[in-house]
Each structure stands twice: as structure tokens, then as C-alpha cells.
Amino acid sequence: MQVALYSRGFITEDIGNIRLLLEELKRAEIEAIIYEPFFGTLQQHIPFDTIPTLFSTAADLPGKIEFLMSLGGDGTLLDTVSFIRDTNIPVIGINFGRLGFLASIGKEEIHALVQALLNRTYIVDQRSLLHLDANIPLFGEVPYALNEFTIHKKDTSAMVKIHTYLNGEFLNTYWADGLIVATPTGSTGYSLSCGGPIVFPDAGNFIITPVAPHNLNVRPIIVPSDNIISFEVEGRSDQFLCTLDSRMETIDSTVQLAIKKERFKISLLRLDDSNFLHTLRNKLLWGIDARNMIKI
């Protein structure tokens, strides 16, 4: 079995857990293919008997890769979309970050994870993506996102006007700092922090959430994901920001944008004792109330 390991980097406190993961994989005779920049930093702290197979782009990943492990937080896991693309290789998120809605496997579960891989006792969830179309090339070969698409004002410029349409029919003009279109997976990310609703990951929806809207009666709205959502942007500034997850492009008012559901999905692996409700309770501390501890 071959697995790819990806990380943006690590802190000193993570070295022990990374060493443990590598030892567990070696003991289980699972070959680790390591992201080259990550390995460059890692070998300064952990000795390797031989240099492992490395990768730096999606094209470098061997065809026999069964899983891609993301070591970090949710932002790190979102990066893996650029490597996985439409191959349907399951992504395993080991949470070396903070909150971790997507990277839901804890550092203390490393041994259990490797055993689950060996015994095939895991669950793979399919998560929908959104796709960006534009009248100019944007985001290269990866014009899609797992969490969200955003349009945002640039720096400290004045708010923007975002004319928004559903299947060509006018929906609203958002006077705001920006606008988010989130997938169900992304509903617990940036959209949630801006007042958007939590949506179950398998729901067939997009969430449109304004960022600091000028009109307080403008609220987040949920629309079916078979809609095409298009935008025209204007404002006092000549330039605006457009993002897909953590990737960013600068655009101007001549750029026409449209969001639709991507034709393929991404697979996320989880252990069989974890699910979305479990994640909500643990990450948002639902049920942690003194009244629940009182026995009558």
C-alpha cells in the first residue's frame, strides 16, 4: 500500500506525532510518498534511512496511491484538492491544527487510523465541490473548491456592489464587503463565521452569505446546487479579490463570474466511530452545559 503525506509545515510540538505516524506506517509496511517541501523541513528533525519517494505536483503522484494524508488543519486539507483533482483518491485529515471540521482525526488516533487502513474498517464520504467559470482564465487547472468561492473588496477599499443572478434571473444586489458561496462542507467555515447556517454535508445546496452587508435585512440564503449563480461586480475600486478556498486572484469589473456544481466529488475518509453529528458536538461544544450534568 502507498499513501501520500502532505503538510504546509509543522511546529516543534508536532514532531513526535509525525515520527509516530511514520513509524506506524513503516511497521504496517505502508510506503509513505512525501510532499517535497514538507520533507525538506522534516529531515532536519527526523532521520531517514533512505530518501523516500517525493512529490511536488499532482502529476508526480504515483498511480498506485490509495490515500492522501493531510497533516494540519482544515486549510491544509483544502490544499489537497489541487493534488487529488478528479482521481477520487480518499483524503485523510489528521488534525495538527485547531478546530478541524474537515481534519477530524485526532493525533491520539494515529495508531487506530493505520490499523483501520490495514483492516479496511473506515468510511469514505463523498463531498461535493463548486466550479468557477469566468470570461478570463482564473485559477489555472483547478477552478473548483471544496469549501467556498468568495468575491471581496480589496484591502481597505470601499464596499462593493455584487449583482447576483440565479440561472440568469436577478436575485439581489449585495452592497457589502464581499459575498460567499459555500458548499455544504464549507457551511462550517467562513460562511458560518459570517452568520450562515450549518448544512449537512450530503445536502444538495449552495449557501450564499454576504460579508458585512450594508443592509441589515439581507440574510444568508440556501439555493439548490443545480442552479448556476452568476455575478457582476462594481465599486469605487478598480480591483477586487476572488477566491476559491485559500487560493486568490485579483479581478476587475470587466470579469464575469459564474458558480455551478462540479461534475466530480472528493472523498474524505473518517473512522467508523466518527460522523458529522459527533464533529458538531465536539467542535462546537454542543451539550457542554452544566444543566446536562445534573441528575434528578
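Residues numbered from 1 in each chain as written. Predicted model: local features only at pLDDT ≥ 70, side-chain atom pairs only at ≥ 80, totals over all residues. Heavy atoms only, no water.

Quick look at the overall build of the chain
For step 1, the next point in the chain: In terms of regular secondary structure, the chain is built from 7 helices and 17 strands.
For step 2, the next point in the chain: What you see for the chain is a C-alpha radius of gyration of 21 Å, in line with the 19 Å of a compact globule of 296 residues.
For step 3, the next point in the chain: When contacts within the chain are restricted to residue pairs at least 6 apart in sequence, those whose partners lie at least 24 apart make up 68%.
For step 4, the next point in the chain: Here the chain displays about 14600 Å² of accessible surface, and carbon together with sulfur accounts for 50% of that area.
For step 5, the next point in the chain: With 25 positive and 34 negative side-chain charges, the chain shows a spacing of 5 Å between the two charge centroids. (Helix = DSSP H or I, 4+ residues; strand = E, 2+ residues; numbered from the N terminus. Rg over C-alpha atoms; globule rule 2.2 N^0.38 Å. Contact = heavy atoms within 4.5 Å. Areas by Shrake-Rupley, 256 points an atom, 1.4 Å probe, with all protein chains shown as cover. Lys, Arg positive; Asp, Glu negative; His and termini not counted. Charge placed at Lys NZ, Arg CZ, Asp CG, Glu CD.)

Concerning the pattern of salt bridges
For step 1, the next point in the chain: The full count for this structure, using the stated rule, is 11 salt bridges.
For step 2, the next point in the chain: A salt bridge links Glu24 to Arg27; the shortest N-O distance between them is 3.5 Å. Of this pair, Glu24 and Arg27 are both found in helix 1 (residues 15–27), 3 residues apart, which corresponds to roughly one turn of the helix.
For step 3, the next point in the chain: With a relative accessible area of 8%, Glu24 lands in the buried category.
For step 4, the next point in the chain: Looking at Arg27, the relative accessible area reads 59%, which means it is exposed.
For step 5, the next point in the chain: The shortest N-O distance in the salt bridge between Lys153 and Asp177 comes to 3.5 Å. Residue Lys153 is located in strand 8 (residues 148–153), and its partner Asp177 is located in the loop between strand 10 (169–176) and strand 11 (178–182); the two are separated by 24 residues in the primary sequence. (Salt bridge = Lys/Arg side-chain N within 4 Å of Asp/Glu carboxyl O. Buried < 20%, exposed > 50% of the residue type's maximum accessible area, 1.4 Å probe, protein only.)

Concerning unusual backbone geometry
For step 1, the next point in the chain: One non-glycine residue, Glu29, lies in positive phi territory at about 60°.
For step 2, the next point in the chain: Within the secondary structure layout, Glu29 lies in the loop between helix 1 and strand 2 (31–35).
For step 3, the next point in the chain: Phi angles above zero are rare outside glycine, and Arg85 is one such case at about 50°.
For step 4, the next point in the chain: Within the fold, Arg85 resides in the loop between helix 4 (81–84) and strand 5 (91–95).
For step 5, the next point in the chain: Exposure remark for Arg85: the relative accessible area of 26% places this residue in the partly exposed category.

Points about the state of the cysteines
For step 1, the next point in the chain: According to the stated counting rule, one finds 0 disulfides in the structure shown.
For step 2, the next point in the chain: With no disulfide of its own, Cys194 lies 16 Å from the sulfur of Cys242, the closest cysteine sulfur.
For step 3, the next point in the chain: Judged by relative accessible area, Cys194 falls into the partly exposed class, the value being 26%. (Disulfide = S-S within 2.5 Å.)

Details of the pairing of strand 5
For step 1, the next point in the chain: Within strand 5, 5 of the 5 residues are buried, which leaves it mostly tucked inside the rest of the structure.
For step 2, the next point in the chain: The two faces of strand 5 match: Val91, Gly93 and Asn95 on one face and Ile92 and Ile94 on the other face are all buried.
For step 3, the next point in the chain: In the sheet, strand 4 (residues 65–72) pairs with strand 5 via 5 bridges, with the strands oriented parallel. When the bridges of strand 5 are listed, Ser70 appears paired with Gly93.
For step 4, the next point in the chain: Pairing between strand 5 and strand 17 (residues 257–271): 2 bridges, direction parallel. Counted as the bridge partner of Ile92 is Leu269 from strand 17. (Pairing = 2+ DSSP bridges.)

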